[in-house]
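# An overview of the molecular structure
Next come the chains, spelled out residue by residue.
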Amino acid sequence: MEILTVNSKDTLKFNPQLFGLWIGMASIVMLFGALTSAYIVKQGASNWFNIKVPSIFYISTGIIIVSSITLHFASVSYTKSLESIYKILLGATFILGLVFFVLQYKGWNMLFESGVDLKSNVAGSFFYLITGAHALHLFGGMGALVATIINAFVLRFGNDDKRKTRLEMLVHYWHFMGILWIYLLGFILFIK
Amino acid sequence: MASVETLTREDVLIKEQGFNDHFHDHHHGDKYQTGFLGHYVFSMDHKVIARQFLITGIFWAVVGAAMSIIFRLQLGFPEESMAWLKPLLGKWIEVTDGVGKLSPEFYYALVTMHGTILVFFVLTAGLSGTFSNLLIPLQLGARDMASPFLNMLSYWFFFMAGMVMLYSLFISTGPFSGGWTAYPPLSALPQASQGSGSGMTLWLVSLTLFVVSVLLGGINYITTVLNLRTKGMSLFRMPLTIWAFFVTAVIGVLSFPVLASGFFMLIFDRSLGTSFFLNEIFIGGQALDRVGGSAILYQHLFWFLGHPEVYIIILPAMGIVSEVLSVHARKPIFGYTAMILSILAIAFLSFIVWAHHMFMSGVNPFISNFFVVFTLIIAVPSAIKVFNWITTLYGGNIRLNTAMLYAIGFISMFISGGLTGIFLGNSAIDIQLHDTYFVVAHFHIVMGVAAFFGMFAGIYHWYPKMYSRFMDETLGKVHFWLTMVGAYLVFWPMHYIGMAGVPRRYYSFDTFDAFKHFDTLNKFITIAAIIVFIGQLIFVVNFFYSIWKGKKMTTQNPYGATTLEWTTPIEPIHGNWPGNLPTVHRWAYDYNKDEREFVTQVEPAKEGEVVDH
Ligand code: HEM
Ligand SMILES: [Cu+2]
């Protein structure tokens with residue numbers, strides 16, 4: 001994908017691709033903002049019961065935080081041209097990402113077994129919808145991560161601008177997904 | 001490249017003062033212009049993509065308008081046989097004893113499709129898709145969009161959205177029929193009506209694809225405006241068109257995801273059995289076990305997009321009109337900064353007025369007050385813009401060509417329709433007016449017709465930049481007067497019908513004594529609508545005829561305009577400028593300045609000259 005740039009003092013000093021990603025993230029914020037506002041509106045109405053969030057979701061929160069840290073240091077080692085550490089940390093992030101998905105899945109199952117299904121109460125519907133939508137967005141991040149890993153192992157290691165930008169985009173998006181998850185979980189736990 | 005003799009003053013200025021971005025050092029051209037497919041189909045050139053958006057938009061406009069003629073026939077001539085439409089509509093015309101009746105179910109489907117198509121496919125994609133693509137790079141001095149690839153995807157997602165919707169017209173249960181706003185329960189329960197089944201599923205698929213298209217396009221427009229302006233093109237030197245497209249894209253990127261969230265919940269309700277929007281519903285006397293949801297919640301989500309959406313439609317038209325007025329009045333736009341601030345104010349306010357569509361849905365009247373206040377405040381920036389347009393015209397050396405006529409017509413429509421908005425914005429008056437033809441009249445004039453006028457102004461004005469030829473002026477003027485007069489004849493009477501309380505979207509009024517006496521007026525409206533429709537065919541013919549046979553463009557800058565698109569070669573090239581990129585030295589509206597009729601943006605400032613406003 002080709003990106004055009006102009007170097008002129010009047011324009012933003014921001015990489016256009018990264019900037020585009022930020023706009024995309026703003027629209028994702030609006031998406032989840034809408035879902036959580038709808039949650040508040042609905043909660044104010046009758047027929048709402050509070051669900052007990054299975055504690056496995058705290059573990060998955062820990063995992064996603066750790067994955068952000070590993071990815072952060074992967075990016076640091078890339079800048080410092082520490083190729084093997086870079087590869088290892090990328091791989092670690094990937095595994096942590098997988099673990100996160102598995103834990104979420106387990107969490108949904110546990111919630112289901114405790115009697116909260118998708119249909120019977122809107123509180124449950126919201127829980128599955130919101131956490132599911134988050135998982136879907138993180139899945140996109142996993143796709144980018146896999147592409148980065150393939151590049152890391154197939155291409156010769158090099159520190160060119162294009163790859164650097166791509167890595168930076170991945171890092172920003174991944175952190176964003178982590179922060180989003182913490183917001184969503186906190187929201188569900190504390191808005192009662 | 002132009003030979004030395006034909007170099008214009010601007011060519012020379014760009015050559016001497018412009019800057020070399022080394023664009024032509026490597027061959028971009030080969031990569032995306034090889035062969036027919038690369039050039040016309042999967043093109044990544046913003047000028048080609050703009051034309052794709054436009055022509056697809058024209059297609060949908062014809063389809064959507066034809067639908068309105070069919071349902072207008074039902075409203076104007078409910079007694080007449082529609083058997084002659086049977087070859088086109090098939091089983092949707094039920095013939096008994098030689099008399100053909102339009103099926104009521106299909107009438108609702110037509111109204112729904114008309115709204116959906118016009119609002120999303122024509123006035124969103126066809127308008128801002130076309131002109132943002134065409135003008136953002138050209139007027140900012142950029143080679144192309146920030147990401148030509150995403151730009152191409154944006155078009156193809158729009159295209160696919162259209163194909164899915166088109167397909168839904170032909171399925172046996174018919175397209176969705178619950179209104180363009182798709183309120184539950186009709187949209188949430190597949191068994192609620194014929195169109196609520198597969199028709200609604202396809203509607204959701206189509207509009208989800210459309211949301212993706214808008215987001216991809218919007219991300220690109222915003223990034224391009226902020227990152228790819230040429231040297232000297234500061235934000236406050238940008239033409240108002242670009243300001244309008246930019247703010248439109250911002251609104252789109254922030255409001256469409258909210259609609260998407262509503263769609264996801266609808267999809268869950270429809271196929272996974274949740275009850276986000278459903279509560280205690282009876283179908284055919286049977287109670288459903290779906291409880292706990294709220295239909296109003298959907299309305300909130302829909303209108304949180306829906307109201308900004310109407311500004312997504314009108315802002316690009318406003319930008320185009322500002323530009324066309326200034327060029328053809330040969331005067332600087334009046335109140336440039338005030339114009340920008342109004343655009344920003346309108347954009348901001350558009351996010352906090354959505355519940356004015358829900359005064360009658362049972363929202364708390366105290367909350368309504370809040371929305372009344374902000375709704376009425378929108379009139380302030382709107383009025384500022386109107387005053388500035390009129391003042392721009394005042395004392396101008398006006399060229400009354402088709403583009404200019406449409407720009408002036410836009411002002412008239414915007415005033416007429418904006419005033420009725422102030423009626424509707426009062427929650428007490430809205431008790432009488434809500435869901436009547438008064439609302440139909442309001443939004444068709446202020447949004448439908450006005451946005452079309454902006455679009456026409458833009459098409460007639462920038463046609464030479466799209467096809468290197470002009471559209472026919474005589475046909476253009478006939479088209480204008482038919483549309484201008486016809487549109488008022490169609491929509492003006494609807495105000496009276498609406499004040500009398502006639503509800504919108506009804507199939508027939510036979511059984512209502514209170515509304516029977518409007519039959520003559522309804523006939524009149526239908527006849528006017530048919531005439532306007534025929535008038536639009538003149539435009540379509542003119543448009544396609546002129547692509548091949550129109551008067552050729554012989555000079556680079558035929559209107560004597562100041563903006564950068566008129567410094568590019570007559571025959572468009574990839575990368576827009578053959579050599580250097582232009583450097584900008586002044587704002588976009590230096591008309592009739594220091595004895596010169598116009599001074600282009602590439603002209604360096606003289607000692608002590610004021611070049612910003
Ligand atoms: C002075 C500014 C305006 C005010 C105060 C205003 C107010 C309103 C109100 C209160 C309604 C709801 C009426 C009802 O359903 O009972 C309405 C409907 C509508 N307005 Fe406006 N409006 C204004 C300008 C605009 C503009 C500029 C556009 C579009 C470009 C627009 C498009 C619409 C549409 C599409 C609807 C109807 C949607 C539907 O129910 O299908 N309005 N307006
Ligand atoms: Cu509104």
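Let me sum up the structure you'll find in this document. Position labels on residues start from 1 in each chain and follow its written sequence. Chains carry letters and ligands carry numbers; both start at the beginning, A for chains and 1 for ligands, and go up in the order they are written. pLDDT decides what is reported in this predicted model: residues at 70 or higher carry local features, side-chain atom pairs at 80 or more are listed and counted, and totals for whole chains, interfaces and linings draw on all residues regardless. Excluded from the side-chain calculation are hydrogens and water; included are all heavy atoms of the structure.

## Details of helix α1 (residues 9-17) of chain B
All names here are of chain B. The line we're drawing: Note on classification: 1.4 Å probe, protein chains only; a residue is buried when its accessible area is under 20% of the maximum for its type, exposed when over 50%, partly exposed between these limits. Numbering of helices and strands runs from the N terminus; a helix is a DSSP stretch of H or I covering at least four residues, while a strand is a stretch of E covering at least two. The reported arc concerns the directions from the helix axis to the C-beta atoms and nothing else.
All of the buried residues along α1 are Glu10, Asp11, Leu13 and Ile14. Here the buried residues of α1 occupy an arc of 165° about the axis, which is enough to place them on one side. When the buried face of α1 is taken as reference, the exposed residues oriented beyond 90 degrees from it are Lys15 and Glu16.

## Examining a nonpolar patch on the surface
Basically, it comes down to this: Exposure above 30% relative accessible area and no salt bridge define the residues that can form patches, which grow by joining like charges within 9 Å and nonpolar side chains of Val, Leu, Ile, Met, Phe, Trp and Tyr within 5 Å. In short, Shrake-Rupley with a 1.4 Å probe defines the accessible areas, and a residue's cover is counted only from the protein chains shown. Salt-bridge detection follows one rule: a side-chain nitrogen of Lys or Arg within 4 Å of a carboxyl oxygen of Asp or Glu.
Judged by side-chain polarity, A:Val146, A:Ile150, A:Phe153, A:Val154 and A:Leu155 come together as a nonpolar surface patch covering roughly 460 Å² of accessible area. Note on placement: A:Leu155 falls in the loop between α4 (122-154) and α5 (161-190).

## What to know about the environment of B:Phe512
Residue and element names in this part refer to chain B. Tracing the backbone shows Phe512 in the loop between α16 (473-499) and α17 (519-549). Given the relative accessible area of 31%, Phe512 is considered partly exposed. Taking the C-alpha atoms as reference, Phe512 lies 29 Å from Ile531; in sequence the two are 19 residues apart.

## Observations concerning the site of ligand 1
All names here are of chain B. Rules: Definition of nearness: a residue and a molecule or strand are near each other if at least one heavy atom of the residue lies within 4 Å of the molecule or strand. The definition of a polar contact used here is a pair of N or O atoms within 3.5 Å, where within protein one atom must be able to donate a hydrogen and the other to accept one, and adjacent residues in sequence count solely through side-chain atom pairs. Any residue that is not Ala, Val, Leu, Ile, Met, Phe, Trp, Tyr, Cys, Pro, Asp, Glu, Lys or Arg is counted as polar, Gly included; the first ten are nonpolar and the last four charged.
Taken together, 22 residues are adjacent to ligand 1, and Trp180, Asp430, His434, His442 and Arg504 come closest. Interatomic distance of 2.7 Å between a side-chain N/O atom of His434 and an oxygen atom of ligand 1. Here a nitrogen atom of ligand 1 sits 2.9 Å away from a polar atom, N or O, in the side chain of His442. Elements supplying a minimum of two residues to the shell around ligand 1: α10 (295-329), α13 (402-424) and α15 (437-467). Partitioned by chemical class, the residues of the shell around ligand 1 number 12 nonpolar, eight polar and two charged.

## Points about the coordination of the iron atom of ligand 1
Residues and elements named next belong to chain B. Filter applied, for reference: For Na, K and Ca the donor cutoff is 3.2 Å, while for all other metals N, O and S atoms count as donors only within 2.8 Å; water does not appear among the atoms, so some sites may look incomplete.
A lone protein donor contacts the iron atom of ligand 1, and this donor is His442 (NE2), found at 2.1 Å. Between the iron atom of ligand 1 and the copper ion (ligand 2) the interatomic distance amounts to 4.5 Å. Within the secondary structure layout, His442 lies in helix α15.

## Here we look at the interface of chain B and chain A
Interface size, as often reported, equals the accessible area lost upon joining of the parts. Heads up, the condition is: When checking whether two residues touch, look at their non-hydrogen atoms; a contact exists if any pair is within 4.5 Å. Two parts placed together each lose some accessible area under a 1.4 Å probe, and adding up what both lose gives the buried area.
If you look at the interface, chain B gives 47 residues, while chain A gives 33 residues. Each partner contributes to the roughly 3,300 Å² buried at the junction of chain B and chain A, and carbon and sulfur atoms together form 74% of this total. At the boundary of chain B and chain A, one finds zero salt bridges. For the interface between chain B and chain A, the tally reads one residue pair in polar contact (both at pLDDT 80 or more). For the side of chain B that touches chain A, the secondary structure elements donating two or more residues are α2 (28-32), α7 (148-168), α8 (198-227), α9 (240-271) and α10 of chain B. In terms of residue count, the dominant contributor to the side of chain B that touches chain A is α9(B) (nine residues). Considered class by class, the residues forming the side of chain B that touches chain A number 29 nonpolar, 13 polar and five charged.

## Some details on unusual backbone geometry
All names here are of chain B. Pro185 follows Pro184 through a cis peptide bond whose omega is 5°. Here the phi dihedral of Ala182 falls at roughly 50°; this positive angle occurs in a residue that is not glycine. Structurally, Ala182 can be placed in the loop between α7 and α8. Despite not being glycine, Asp435 has its phi angle at roughly 55°, a positive value.

## Some remarks on the side chain of B:His114
Looking at the secondary structure, you find B:His114 in helix α6 (residues 104-140). For B:His114, a relative accessible area of 15% gives the class buried.

## A few points about the pairing of strand β2 (residues 99-102) of chain B
Residue and element names in this part refer to chain B. Operational definition: Pairing between two strands requires that DSSP report at least two bridges joining them.
The alternating pattern of β2 places Gly100 and Leu102 on a buried face and Val99 and Lys101 on a face that is not buried. The pairing of strand β1 (residues 93-96) with β2 spans four bridges and is classified as antiparallel. By the bridge assignment for β2, Val95 is matched with Gly100. Counted along the chain from β1 to the antiparallel partner β2, the turn is two residues long, and its residue Asp97 has a positive phi close to 50°.

These figures come from the coordinates and say nothing about function on their own.
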